[in-house]
Amino acid sequence: MHPIRSFKALTQQAQRAVALGVVLAMIASVCLVRLGVIQLVEGAHTAQAATQSRTVKVTLDAKRGRILDTNGVVLAQSVERYTIIGNPEAAQDFTPLDCTPRTKDYCQQLDGKPLKTTGVAAVAQLLAPLLGMSAAEIGGKLAGTGQYAVLKKDVTPEVKRKISALHLGGIVYGELSDERVYSNGTLMGVFLGGVNDEGKGVAGVEQLEDRTLTGTDGYEIYQQGNGGEQIPGTMTESKNAVNGSDVQLTIDRDVQWRVEQILKQSQDTYKAGWGIAVVQNVKTGQIVALADTDTVEAGSDDAKLNVARAVNQTFEPGSIGKVFTMSGVIQEGLHTMGDKFTVPGTITIDGQKYKDSFDHGDEHWTMAGILEQSSNVGTILAAENLSDDKRYEYLTKFGLGQPTGLGLPGESQGLLAQAAQWDGRTRNTILFGQGYTVNALQLTNAVSVIANNGVRKPQTIIKSVTGADGKVHETEVGESTRVIDESVSKQLLNAMESVSEHYASKGFAGVDGYRVAAKSGTAEVAGDDGKLSSLISDYSAIIPADNPQFVVTVVLKDPEGNYGGLTAGPVFAEIGKFLMQKYEVPNSQPRKDAIPVEW
């Protein structure tokens, strides 16, 4: 090659090399400058963004409070459960790890053998026997897109621990939740009610005490890894959950169970459409049992959609209403229980004819005898001078036609029209318990006035509330009100004891060893055909009559035998016998002060 041309070629190569070096130097400079910007200027921002993308706020669910009976027996409680969550994207990339001496603490196998599948199929095979689901069903849930799929709810801690032992972190995990459990099945089913999917009380006691039972959720803020697990040491803020308060009822589970059992047996015995029973403590106004014959699992859809019959069902009290009429007659000074009457079998007033339930000629009964014989005609004669306004006033004083104050969801207060709205017949039927309606709770508390020396105590069904801090708050009871004088109530109690003896002498409604004061009732009510084709038979009794402890009301619809004393009365007797035994109430002293019933 010519020396001059060779020199020129070398010069050109050198120039190109220098140019390339300059370009590379410039690129390197730009990279260095950018790196410096990233590290020195944007580094904190980038790190902060990365931290924020990993930071989560996790809710700590508060546990719902328990519902207890008067003795502390748990009726409803929330137990630890888990919702099992799968990550579909991670499951699809899963490759099981064979078990060796080195990997035995974090490998996967099925029935002691290596898995022959990978991905979703392998995850589904591992989970199926633990979740009680088919591998196909689990596989279907994990076959989609995204990172969150609910595989199963309400899984026990034991199952969750077994799932954790599969070492599927980042693919399958459990979210803590609660399940509401009712340990007594159908006992008080509709009365206890239930909660919805969000854990809110929607019926029964669960609804009544929802605010008290509901706790306050807490939270934790921390960074999580790719599999959703918490990165140790990254928690920045937390607040503990405060569990809901426990609610203790006045209901005694043992009494409730026995009363429900007796009611169901009596429904079969008397072929009744349904039955209701209420047991109330005379001295405290506490409801000891509130039962009916409906069989519904607590917490079930039926329990959430219905109201306890003992709370919602209304009916005419029938002749039990004579107790309230006679209380007003005596309190107003018009008569005493010993006053004498000549009572015919029928009577006509303002063109309206009234009769007794049985045919008879003129009878010589005292007012106590009128109550014993449950005479409609005699009651009209005794209350002849009791004005309509007073008739209405005493019914309301006894708590009829108004809410019980218990606040139970779905409670029906019955119907009692004002005196000005009564027609010529109603003003007299009101005297013997027809023309207005009540529920069993109202009727029980009204009769309790006689047992409690003329004083009406507010009914209670919530005994106490125990907060998450362990402090017990007793339920505040409202003011008691005097309805009639003590001397008046004693006259009524005496006459009601004669009523009880009347039935006991015929083999009905007696409780051996104990004196009982009672009144029966029978009333026509609308049947399924909309006509007055059905009967309500009821019986309300005070036991023991010489030392009142309990009032028991029993109501049956369409029982064979019709009359309350012959059907509902024997049901009371079974309940009364159980109460006396359970609470070890001393036997009664012989009766010596009976007001004559005839003259």
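As a reminder, the structure under discussion sits directly above these lines.
Here goes a summary of the coordinates provided.

Conventions and cut-offs
- Residues numbered from 1 in each chain as written.
- Predicted model: local features only at pLDDT ≥ 70, side-chain atom pairs only at ≥ 80, totals over all residues.
- Heavy atoms only, no water.
- Helix = DSSP H or I, 4+ residues; strand = E, 2+ residues; numbered from the N terminus.
- Rg over C-alpha atoms; globule rule 2.2 N^0.38 Å.
- Buried < 20%, exposed > 50% of the residue type's maximum accessible area, 1.4 Å probe, protein only.
- Pairing = 2+ DSSP bridges.
- Salt bridge = Lys/Arg side-chain N within 4 Å of Asp/Glu carboxyl O.
- Disulfide = S-S within 2.5 Å.
- Phe/Tyr/Trp six-rings, centres within 6.5 Å; stacked < 30°, edge-to-face > 60°.
- Core = buried A, V, L, I, M, F, W, Y, C linked by side-chain atoms within 4.5 Å.
- Contact = heavy atoms within 4.5 Å.
- Axes fitted to C-alpha atoms, helices over the stretch in contact; angles between N-to-C directions.
- Polar contact = N/O pair within 3.5 Å; in protein donor to acceptor, adjacent residues only side chain to side chain.
- Arc of directions from axis to C-beta.
- Expected span 1.5 Å × (residues − 1).

Description of the overall build of the protein chain
A tally of regular secondary structure across the protein chain gives 19 helices and 25 strands. The C-alpha radius of gyration of the protein chain comes to 39 Å, more than 25% above the 25 Å expected for a compact globule of 599 residues. On the principal axes, the C-alpha backbone points of the protein chain span a range of 160 × 50 × 45 Å. Residues classed as buried in the protein chain amount to 46% of the 599 residues present.

Things to note about the pairing of strand β25 (residues 550-557)
By the criterion of burial, β25 is predominantly enclosed, with eight of the eight residues buried. Because side chains alternate across β25, one face comprises the buried residues Phe 550, Val 552, Val 554 and Leu 556, and the other comprises Val 551, Thr 553, Val 555 and Lys 557, equally buried. Where strand β11 (residues 275-281) lies against β25, seven bridges are found, and the strand directions are antiparallel. Residue pairing in the sheet places Val 278 in a bridge with Thr 553 of β25.

Some thoughts on the pattern of salt bridges
Taken as a whole and judged by the stated rule, the model has 20 salt bridges. Across the pair Glu 206 and Arg 180 runs a salt bridge whose closest N-O atoms are separated by 2.8 Å. One end of the pair, Glu 206, is in helix α7 (residues 204-208); the other, Arg 180, is in strand β5 (residues 172-182), with 26 residues separating them in the sequence. Comparing Glu 206 with Arg 180 shows no difference in burial state: the two are buried. Lys 582 is the partner of Asp 254 in a salt bridge, and the nearest nitrogen-oxygen pair spans 3.8 Å.

A word on the state of the cysteines
The tally for this structure, following the rule as stated, stands at one disulfide. Shown here is the disulfide that connects Cys 99 with Cys 107, its sulfur atoms set 1.8 Å apart. Between Cys 99 and Cys 107, the S-S torsion sits near 95 degrees, and that sign places the bridge as right-handed.

A few points about the packing of aromatic side chains
The geometry of an aromatic ring pair is captured by the separation of the ring centres together with the interplanar angle, meaning the angle of the planes. The full count for this structure, using the stated rule, is five aromatic pairs. Taken together, a centroid distance of 4.9 Å and an interplanar angle of 45 degrees make the contact between Phe 324 and Phe 398 tilted. Residue Phe 324 is found in helix α12 (residues 321-331), and its partner Phe 398 is found in the loop between α15 (388-397) and α16 (426-429); the two are separated by 74 residues along the sequence. In this pair, the class of Phe 324 matches that of Phe 398, namely buried. Here the aromatic cluster, defined as three or more aromatic residues joined through ring pairs, consists of Tyr 503, Tyr 539 and Phe 572.

Notes on the nonpolar core
Membership of the largest hydrophobic core comes to 123 residues, with the highest contact counts inside it found for Phe 191, Leu 249, Leu 290, Phe 324, Met 337, Phe 572 and Ile 575. At eight residues, the largest contribution of residues to this core is made by helix α17 (residues 440-451). When residues no more than four places from it in sequence are discounted, the contact partners of Phe 324 are Tyr 394, Leu 395, Phe 398, Leu 400, Tyr 436, Leu 443, Ala 446 and Val 447. Counting 24 residues, the second-largest nonpolar core is a separate cluster that includes Tyr 82, Val 120, Ala 128 and Leu 168.

Let's talk about the sheet that holds strand β8 (residues 218-223)
If you walk across this open sheet you meet the three strands as β1-β8-β9, and the pairing is antiparallel. A single partner strand is all that each edge strand has here, and the edge strands are β1 (55-60) and β9 (237-239). With direction set aside, neighbouring strand axes in the sheet form an average angle of 20 degrees. Across three bridges, the pairing between β8 and β9 is antiparallel.

Things to note about the side chain of Ser 319
Within the secondary structure layout, Ser 319 lies in the loop between β13 (314-315) and α12. According to the relative accessible area criterion, Ser 319 is buried, its value standing at 10%. A distance of 3.0 Å separates the side chain of Ser 319 from the side chain of Ser 374, its partner in a polar contact. In this view, Ser 319 contacts Ser 374, Asn 376, Phe 432, Lys 519, Ser 520, Gly 521 and Thr 522; residues no more than four positions away in its chain are not counted.

Some remarks on the sheet that holds β11
As summarised here, the arrangement of the five strands in space is β12-β11-β25-β24-β23, forming an open sheet in which the pairing is antiparallel. The open sheet has two edge strands, β12 (287-292) and β23 (517-525), and neither has a second partner. On average, adjacent strands in this sheet sit at an angle of 10 degrees to one another, irrespective of strand direction. In this structure, β11 lies alongside β12, joined through five bridges in antiparallel fashion. Paired with Ala 277 across the two strands is Ala 291, which belongs to β12. Against the sheet, helix α18 (residues 486-504) contacts β23 and β24 (534-543), and its axis sits at roughly 75 degrees relative to β23.

A few points about α15
Listed in full, the buried residues belonging to α15 are Arg 391, Tyr 394 and Leu 395. The arc that holds every buried residue of α15, seen down its axis, measures 100 degrees, which confines them to one face. Buried residues belonging to α15 abut α12 and α16. In the stretch just after α15, Gly 399 is the one whose phi turns positive, near 95 degrees.

Let's talk about α17
Under the 1.5 Å per step criterion, the end-to-end length of α17 is 17 Å for 12 residues, consistent within 8% with the ideal 16 Å. Burial runs high along α17: 12 of the 12 residues are buried. Between the side-chain oxygen of the N-cap and the backbone nitrogen of Leu 441 there are 3.0 Å, and the N-cap of α17 in question is Asn 439. Where α17 ends, the next residue or the one after it, Asn 453, has phi of about 60 degrees, a positive value.

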